[in-house]
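Structural characterization, general
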Amino acid sequence: MDNFAEQLVKKEKNSADKAKTVLTYVFGILITVLLVVFAFLQMGTVFCMLGLILAVGSGYGTYFIGQNSYIEYEYTFTNGELDIDKIIAKKKRIELITAETRKFTAFGKYTDELEESEDMTVVLSSDNIASHEYYADFEHPEHGSTRLIFSPNEKMLESIRRALPGKLRNSQ
């Protein structure tokens with residue numbers, strides 16, 4: 001029987017993320033308005049058309065950059081393999097990492113007291129709510145020593161726990 005679980009996690013914005021988004025929109029709109037004003041001051045010249053083209057480009061760029069601040073993570077667990085994808089603005093999907101739970105060397109609730117070695121690759125794919133975060137340490141073929149920080153729900157946790165190596169499963 002297949003062991004399958006899937007979860008979509010929306011990254012909650014902290015105050016720094018919110019400030020970046022607001023500043024992006026404010027400066028983008030300001031630049032767009034300034035370009036439109038410049039274009040209308042140059043009536044009948046090549047600069048008028050150039051100003052309008054740049055204003056449209058600036059407006060689109062502002063929208064595009066602002067939308068890219070909306071991030072979700074998709075966790076897919078299938079028969080001991082955990083795949084994590086990053087979804088940007090509900091349009092673009094980036095495959096972050098694939099991990100085999102049988103190869104986990106450590107797994108549990110994440111706290112700030114956990115030490116990370118200098119050569120460790122940290123893959124952060126959580127919802128930014130500390131009380132929901134778990135970690136998994138393992139050796140990855142491409143990244144070497146890796147720590148995954150993520151926010152699984154109960155169904156995902158149960159599926160992962162069933163596939164953990166015996167020594168980790170018994171310590172849970």
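The structure this text deals with has already been given above.
Along each chain, residues carry numbers from 1 onward, in the same order as the chain's sequence is written. Given that the model is predicted, a residue must reach a pLDDT of at least 70 before its local features are reported, and side-chain atom pairs must reach 80 or more before they are shown or counted; all residues, however, enter totals for whole chains, interfaces and linings. Side-chain measures were taken over the full set of non-hydrogen atoms in the model, leaving aside hydrogen atoms and water.

Turning to the pattern of salt bridges, a few remarks are in order. Two side chains of opposite charge can pair, provided their charged atoms sit close to one another. Any carboxyl oxygen of Asp or Glu within 4 Å of a side-chain nitrogen of Lys or Arg constitutes a salt bridge here. Tallied over the full model, the rule gives 7 salt bridges. Two residues, aspartate 137 and arginine 147, come together in a salt bridge whose shortest N-O distance is 2.7 Å. In this pair, aspartate 137 is assigned in strand 7 (residues 134-140) and arginine 147 in strand 8 (residues 144-150), connecting sequence segments 10 residues apart. Among the charged side chains, a network of salt bridges with common partners joins Glu74, Asp85 and Arg93. Where helices and strands are cited, they refer to DSSP runs of H or I of at least four residues and of E of at least two residues respectively, numbered from the N terminus.

Turning next to the sheet that holds strand 8. Sheet strands associate in pairs through backbone hydrogen bonding, adopting either a parallel or an antiparallel arrangement. Only strands joined by at least two bridges in the DSSP assignment are considered to pair. Read across the open sheet, the 4 strands follow the order 5-7-8-6; overall the sheet is mixed. Each end of this open sheet is capped by a strand with a single partner; those strands are strand 5 (104-109) and strand 6 (121-125). Adjacent strand axes in the sheet meet at a mean angle of 15° when their direction is disregarded. As paired elements, strand 6 and strand 8 share 5 bridges and run parallel to each other. Bridge assignment links valine 122 to a residue of strand 8, and that residue is arginine 147. Its contacts with the sheet place helix 3 (residues 154-163) against strand 5, strand 7 and strand 8, and it is angled at close to 150° to strand 5. Angular values range over 0 to 180 degrees, each being the angle between N-to-C directions of two axes fitted as lines to C-alpha atoms, with helices fitted over their stretch in contact. Contacts between residues were defined by any pair of non-hydrogen atoms, one from each residue, lying within 4.5 Å.

What follows concerns the packing of aromatic side chains. For this analysis, a ring pair means two rings from Phe, Tyr or Trp (six-membered ring only for Trp) whose centres lie within 6.5 Å, classed as stacked if their planes differ by under 30 degrees, edge-to-face if by over 60, and tilted for the remaining angles. Scanning the entire structure with this criterion turns up 6 aromatic pairs. Look at phenylalanine 107 and tyrosine 134: their rings are 6.0 Å apart centre to centre, the planes differ by 20°, and that puts the pair in the stacked class. With a gap of 27 residues between them, phenylalanine 107 in strand 5 and tyrosine 134 in strand 7 connect regions that are remote in the sequence. Neither residue differs from the other here; phenylalanine 107 and tyrosine 134 are each classed as buried. Pairwise contacts between aromatic rings join Tyr75, Phe104, Phe107, Tyr134, Phe138 and Phe150 into one cluster. Any Lys NZ or Arg CZ that is within 6 Å of a ring centre and within 35 degrees of that ring's normal is treated as a charge sitting over the ring. We note lysine 13 situated over the ring of tyrosine 70; from NZ or CZ to the ring centre the distance is 4.1 Å. Between buried and exposed lies partly exposed: a residue is buried under 20% and exposed over 50% of the maximum accessible area for its type, with that area taken using a 1.4 Å probe on protein chains only.

A sheet is described by the order of its strands in space; here 4 strands give the open sequence 1-2-3-4, paired in antiparallel fashion. The two strands at the open ends of the sheet, each matched to only one other strand, are strand 1 (4-10) and strand 4 (92-100). Here the strands of the sheet are splayed against their neighbours by 15° on average, with no regard to which way each runs. With 8 bridges joining them, strand 3 (residues 81-88) and strand 4 adopt antiparallel strand pairing. Within the sheet, the bridge partner assigned to leucine 82 lies in strand 4 and is alanine 99. Against the sheet, helix 3 makes contact with strand 1, strand 2 (71-78) and strand 3, and its axis sits at roughly 135° relative to strand 1, the strand it touches most.

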